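Summary of structural features
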Amino acid sequence: PGGAWRLRSAQFPSKVGGRPAWLGEAGLPASEALRCGRCLQPRAFLLQLYAPLPGRPDAFHRTLFVFACRGAACYRLPGPGGPLCAFRSQLPRRNATYPEEPPSEEPPPLPEPVPRRLRSGAALCRVCGCLGPRACGRCRRAAYCGPEHQALDWRRGHRRSCGKGGDADATEDAEPDHNEFLFPEYEILIEPEEPEFPADSSADPGDEKGAVDASKKLEKQEESRVTSTT
């Protein structure tokens, strides 16, 4: 919980589960685009990867988003329009949303609540974090992507705080980080790949015998490291 700030949009995270940390605010997928092509239920956010393209000014920031249906039966049915879908969002370095400098590595002084709206003012669904064009007919404050998530949130407790003042309003504003529709949230750490051959190795990667000897040497080193670590 203390590291949740690292998974917000301003940190350009790679993560699995939870709500999407949208990169740009224009062109977000509509609720209909996020429905499974087989059962027509809302897909859940599965993961996102921050994958900028070097040398592409229009993709200085670039994130790939993947959504997946929660219904197991949809993965066994044939035909197009399956349970998975992917979207791409990209921005130049100079844009209206983020500064040109890298984000700070220091946590914010106060915990950041779950975003309820984009900077543009567009509402986000209380359940899944996607665009929420549908509002609660009673309080007109809670936003949803569709009737399924409105009903889910009503059963989860919105019925108790809807339209009430005082502490109930505070409860209304405090959206829970997780719910049964979302996948568990974890950060994805991306590290540079280790070279196949050590830099000081005299083995020629093109020589088959040298490659085999180098591979055996690396295996022995790995076995020794694992044994000492254990």
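Residues numbered from 1 in each chain as written. Predicted model: local features only at pLDDT ≥ 70, side-chain atom pairs only at ≥ 80, totals over all residues. Heavy atoms only, no water.

Overview of the overall build of the protein
Each helix and strand counted, the protein has three helices and seven strands in total. Listing every helix and strand of the protein by position from the N terminus yields β-β-β-β-β-β-α-α-β-α. Counting the 230 residues in the protein, one finds 34% classified as buried. Here the protein has roughly 14,400 Å² of accessible surface; of this, 56% comes from carbon and sulfur atoms. (Helix = DSSP H or I, 4+ residues; strand = E, 2+ residues; numbered from the N terminus. Buried < 20%, exposed > 50% of the residue type's maximum accessible area, 1.4 Å probe, protein only. Areas by Shrake-Rupley, 256 points an atom, 1.4 Å probe, with all protein chains shown as cover.)

Some remarks on the environment of glycine 27
Locating glycine 27 in the fold gives a position in the loop between strand 1 (15-16) and strand 2 (44-50). Taking the C-alpha atoms as reference, glycine 27 lies 9.9 Å from arginine 88; in sequence the two are 61 residues apart.

A short note on unusual backbone geometry
The bulk of non-glycine residues show a negative phi, and the bulk of peptide bonds are trans. In this model, phenylalanine 12 sits at a positive phi of 50°, which is unusual for a non-glycine residue. Within the element layout of this structure, phenylalanine 12 appears in the segment before strand 1. Using a relative accessible area of 13% as the deciding quantity, one classes phenylalanine 12 as buried. For arginine 140, which is not glycine, the phi torsion reads 60° and is therefore positive. Mapped onto the elements, arginine 140 comes out in the loop between strand 5 (134-135) and strand 6 (143-144). On the basis of relative accessible area, arginine 140 is assigned to the exposed category, the value being 57%.

Some remarks on helix 1 (residues 147-161)
At arginine 155, helix 1 shows its strongest bend, of approximately 70°. The first or second residue beyond helix 1 is glycine 163, which carries a positive phi of 80°. (Bend = angle between axes of the 7 residues up to and from the residue.)

Let's talk about the layout of surface pockets
There is about 630 Å³ of room inside the largest pocket. Counted by class, the lining of the largest pocket contains 14 nonpolar, six polar and nine charged residues. Space inside the second largest pocket adds up to approximately 300 Å³. Every residue lining the second largest pocket is counted, 14 residues in all, and those nearest its centre are Arg6, Gln11, Phe12, Pro13 and Glu187. (1 Å grid on protein atoms, 1.4 Å probe; cavity = no way out; pocket = protein on both sides within 12 Å on 5 of 7 lines; lining within 4 Å. Points joined across faces, edges and corners; volume = space filled by probe spheres on them. Nonpolar A, V, L, I, M, F, W, Y, C, P; charged D, E, K, R; others polar.)

Remarks on the packing of aromatic side chains
This structure, assessed with the given rule, holds six aromatic pairs. Measuring from centroid to centroid gives 6.0 Å for phenylalanine 67 and phenylalanine 87, while their planes differ by 80°, and the two rings are edge-to-face. Residue phenylalanine 67 is located in strand 3 (residues 61-68), and its partner phenylalanine 87 is located in strand 4 (residues 84-91); the two are separated by 20 residues in the primary sequence. Residue phenylalanine 67 is classed as buried on the basis of its relative accessible area, which comes to 0%. A network of ring pairs unites the aromatic residues Trp22, Phe45, Phe65, Phe67 and Phe87 as a single cluster. Looking at arginine 6, its charged tip hangs above the ring of tryptophan 5, at a distance of 5.9 Å from the centre. (Phe/Tyr/Trp six-rings, centres within 6.5 Å; stacked < 30°, edge-to-face > 60°. Lys NZ or Arg CZ within 6 Å of the ring centre and 35° of its normal.)

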